[in-house]
Number of protein chains: 2
Amino acid sequence: MRITTQGDYALKCILRIAADGPQGPVSISRIVDKEGLPLDYLEQLLLKLRRSRLIKSVRGARGGYLLNVPVASITVAHVLRAAEGEIFELICDRKKKDGKKCKGSEDCVLKDVWKNLKNKIETYLGSVKLKDLLKKTRCTVT
Amino acid sequence: MRITTQGDYALKCILRIAADGPQGPVSISRIVDKEGLPLDYLEQLLLKLRRSRLIKSVRGARGGYLLNVPVASITVAHVLRAAEGEIFELICDRKKKDGKKCKGSEDCVLKDVWKNLKNKIETYLGSVKLKDLLKKTRCTVT
DNA sequence: GAATACCCGATATTTTTTGTCAAGTTTAGA
DNA sequence: TCTAAACTTGACAAAAAATATCGGGTATTC
Ligand code: FES
Ligand code: FES
């Protein structure tokens, strides 16, 4: 189980946008310079962030990205959901090779474990605000 | 983010072994019959469970698997760790394409988020005991 | 109109997960 | 002792997901 680079990169992008946005739109190439991540890949991630309305874009020369909502209202959960889809997917909902799946019974004790886990993960990540992350130091990738 | 079938299947296997073990060693084919999972794949998972000493095997005709430790002492975390390796891997510890990695600084606020999340996940899964799961109903795969 | 920079669908590569195979060893029981 | 049941193990194959790249497009500034 792990956070994928999509979520990680998306978070780094939006933190950079939140940090530098006040000085004007933040371009992808600026993010690439500061964070050292693959440009074409970030483009896709930023598109997802925009489509989920967390950021907005300014096209044309001197364009870039800006937050679309107050930084205080964005949580890590919001960003991960935008970049990765559901934060924690229940394995019970996935189809296996031959179309088999967990029988949908609602009183399965294993499913309860996964549901509780999902709940705990989402509660925690929903409690971490970008605003708080901005205050403290963050590493670079080298 | 999700639990893989490895963890899911391993848990189903060990629950079956815990449930039927008292009547003698539980063979893979018995597990396959009851749970409807791929035999050759389970073989690998059971090997991992044995190597991590959660179960033991009885070879030869009428052989199979038995728990190697009291059922009360096994948690979901134990089983997942045996089957999947680390339950939650910090992305900060993974290498990227060109050998890049998070600079190992210990005061990175993002890394703190992931560490807290890891901690919460492991604490919860470490609190769920097989013994308790056995008491309640569990679904079948169809 | 030239340069900057986002838009977006398609495709390619790599890694991980999932599943399969085959040849071997051990043991119970006839 | 012979045979069938059942675990052991490493290697291999297939499928899915994650990661990355490309190319032609559009909008905006200067
Ligand atoms: S519903 Fe998925 S394991 Fe029971
Ligand atoms: S150490 Fe990984 S994001 Fe900072």
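The following paragraphs examine the structure supplied in this document. All of these numbers come straight from a predicted model, not from anything done at the bench.

1. Focus on unusual backbone geometry
Trans peptide bonds make up most of the peptide bonds, and negative phi angles are found at most residues other than glycine. All names here are of chain A. The phi dihedral of R53 is positive, around 65°, even though this residue is not glycine. Among the structural elements, R53 can be located in the loop between α3 (39–51) and β1 (55–58). Judged by relative accessible area, which is 61%, R53 ranks as exposed.

2. Topic: α3 of chain A
One turn of the α-helix equals 3.6 residues, which is why residues spaced by three or four share an orientation. Residues and elements named next belong to chain A. A rise of 1.5 Å per residue sets the reference length of α3, with its 13 residues, at 18 Å; its end C-alpha atoms lie 18 Å apart and thus fit the reference within 8%. Listed in full, the buried residues belonging to α3 are L42, L45, L46 and L49. Seen end-on, α3 carries its buried residues on one side only, within an arc spanning 100°. Seen from the open side of α3, the exposed residues pointing more than 90 degrees away from its buried face are D40 and R51. Buried positions along α3 lie against α1 (5–20), α2 (28–35), β1, β2 (64–67) and α4 (76–84). Note on α3: the residue one or two positions beyond its end, R53, has a positive phi of about 65°.

3. Quick look at the protein's contact with DNA strand C
The environment of DNA strand C is made up of 31 residues, and the closest members are R50 and S57 of chain A together with Y41, Q44 and R59 of chain B. Expressed as a percentage, the sugar and phosphate content of the atoms of DNA strand C within 4 Å of the protein is 69%. Between T4 of chain B and DNA strand C, the recorded distance is 3.4 Å, taken from a side-chain N or O atom to a phosphate oxygen. For the surface near DNA strand C, the secondary structure elements donating two or more residues are α3, β1 and β2 of chain A together with α1 (5–20) and α3 (39–51) of chain B. With four residues, α3 of chain A is the largest single contributor of residues to the surface near DNA strand C. For the surface near DNA strand C, a count of residues per class yields ten nonpolar, ten polar and eleven charged.

4. Description of the relation of the copies chain A and chain B
For the pair of chain copies, the relating operation is a rotation around an axis with a shift along it. When chain A is fitted onto chain B, the two copies agree to an RMSD of 0.0 Å after a turn of 180° and an axial shift of 0.0 Å. Such a combination of turn and shift is consistent with a two-fold rotation axis. Closest approach to the rotation axis within chain A is made by the C-alpha atom of M1 of chain A, at a distance of 2.9 Å. Looking at chain A, 100% of its interface residues are interface residues in chain B too, so the copies touch through the same face.

5. Structural notes on the interface of chain A and chain B
The partner chain B presents 48 residues to the 48 residues of chain A that form the contact. Between chain A and chain B the total buried area reaches about 4,400 Å² when both faces are included, carbon and sulfur atoms providing 70% of it. When the buried surface of chain A facing chain B is broken down by residue, M1, R2 and Y124 of chain A rank first, second and third, together holding 17% of it. Here chain A is connected to chain B by two salt bridges. Note that E89 of chain B and R2 of chain A form a salt bridge whose closest N and O atoms lie 3.0 Å from each other. Summed over the shared surface of chain A and chain B, the result is twelve residue pairs in polar contact (both at pLDDT 80 or more). Contributing elements (two or more residues each) for the side of chain A that touches chain B: α1, α4 and α5 (109–127) of chain A. For the side of chain A that touches chain B, the element with the most residues is α5 of chain A, which contributes eleven residues. By residue class, the composition of the side of chain A that touches chain B is 24 nonpolar, nine polar and 15 charged.

6. Digging into the layout of surface pockets
Reported here for the largest pocket is a volume of approximately 360 Å³. Taken together, 15 residues make up the lining of the largest pocket; nearest its centre are M1 and R2 of chain A together with M1, R2 and T4 of chain B. Partitioning the lining of the largest pocket into residue classes produces two nonpolar, five polar and eight charged.

7. Brief notes about the packing of aromatic side chains
Pairs of aromatic rings are described using the distance from one ring centre to the other and the angle between the two planes. Residue and element names in this part refer to chain A. A full pass over the atoms with the stated rule returns two aromatic pairs over all chains. Measuring from ring centre to ring centre gives 5.9 Å for Y9 and Y41, while their planes differ by 80°; the resulting arrangement is edge-to-face. Taken as a pair, Y9 in helix α1 and Y41 in helix α3 lie far apart in primary sequence, 32 residues in all. Judged by its relative accessible area of 6%, Y9 falls in the buried class. Since its relative accessible area comes to 27%, Y41 is described here as partly exposed.

Each value, and the rule that gives it
Note that residues are indexed from 1 along each chain, following the sequence as it is written. The naming scheme follows written order: chains are lettered A onward, ligands numbered 1 onward. Since the coordinates come from a predicted model, pLDDT governs what is reported: local features require at least 70, and pairs of side-chain atoms require 80 or more to be given and counted, while whole-chain, interface and lining totals use all residues. No hydrogens and no water enter the side-chain calculation; it runs on all heavy atoms of the structure. Under the DSSP-based scheme used, a helix requires at least four consecutive residues in state H or I and a strand at least two consecutive residues in state E, with every element numbered from the N terminus. Partly exposed residues are those whose accessible area sits between 20% and 50% of the maximum for their type, while under 20% is buried and over 50% is exposed, using a 1.4 Å probe and protein chains only. Multiply 1.5 Å by the residue count of a helix minus one, and that product is the helix's expected span. Each direction from the helix axis to a C-beta atom contributes to the arc, which is the arc of those directions. By the convention used here, residues are in contact when the closest approach between their heavy atoms is within 4.5 Å. Being near a molecule or strand, for a residue, means having at least one of its heavy atoms within 4 Å of it. Here a polar contact is recorded for every N or O atom pair within 3.5 Å, except that within protein the pair must consist of a potential hydrogen donor and a potential acceptor, and residues adjacent in sequence are included only if both atoms are side-chain atoms. When residues are sorted by character, Ala, Val, Leu, Ile, Met, Phe, Trp, Tyr, Cys and Pro go into the nonpolar class, Asp, Glu, Lys and Arg into the charged class, and all the rest, Gly among them, into the polar class. Only residues with pLDDT of at least 70 in both copies contribute their C-alpha atoms to the least-squares superposition of the copies. We define buried area as the total accessible area lost by two parts upon association, computed with a 1.4 Å probe and summed across both. Take a side-chain nitrogen of Lys or Arg and a carboxyl oxygen of Asp or Glu: if they are within 4 Å of each other, that pair is a salt bridge. Within this scheme a cavity is a closed region of a 1 Å grid, computed over the protein atoms alone, that accommodates a 1.4 Å probe without allowing it to escape, whereas a pocket is open but has protein on both sides within 12 Å along at least five of seven lines; lining residues each have an atom within 4 Å of a point. Grid points are joined across faces, edges and corners, and a volume is the space filled by probe spheres set on the points. Working definition: a ring pair exists when centres of Phe, Tyr or Trp rings (six-membered ring for Trp) sit within 6.5 Å. Plane angles under 30 degrees give stacked, over 60 give edge-to-face, the rest tilted.

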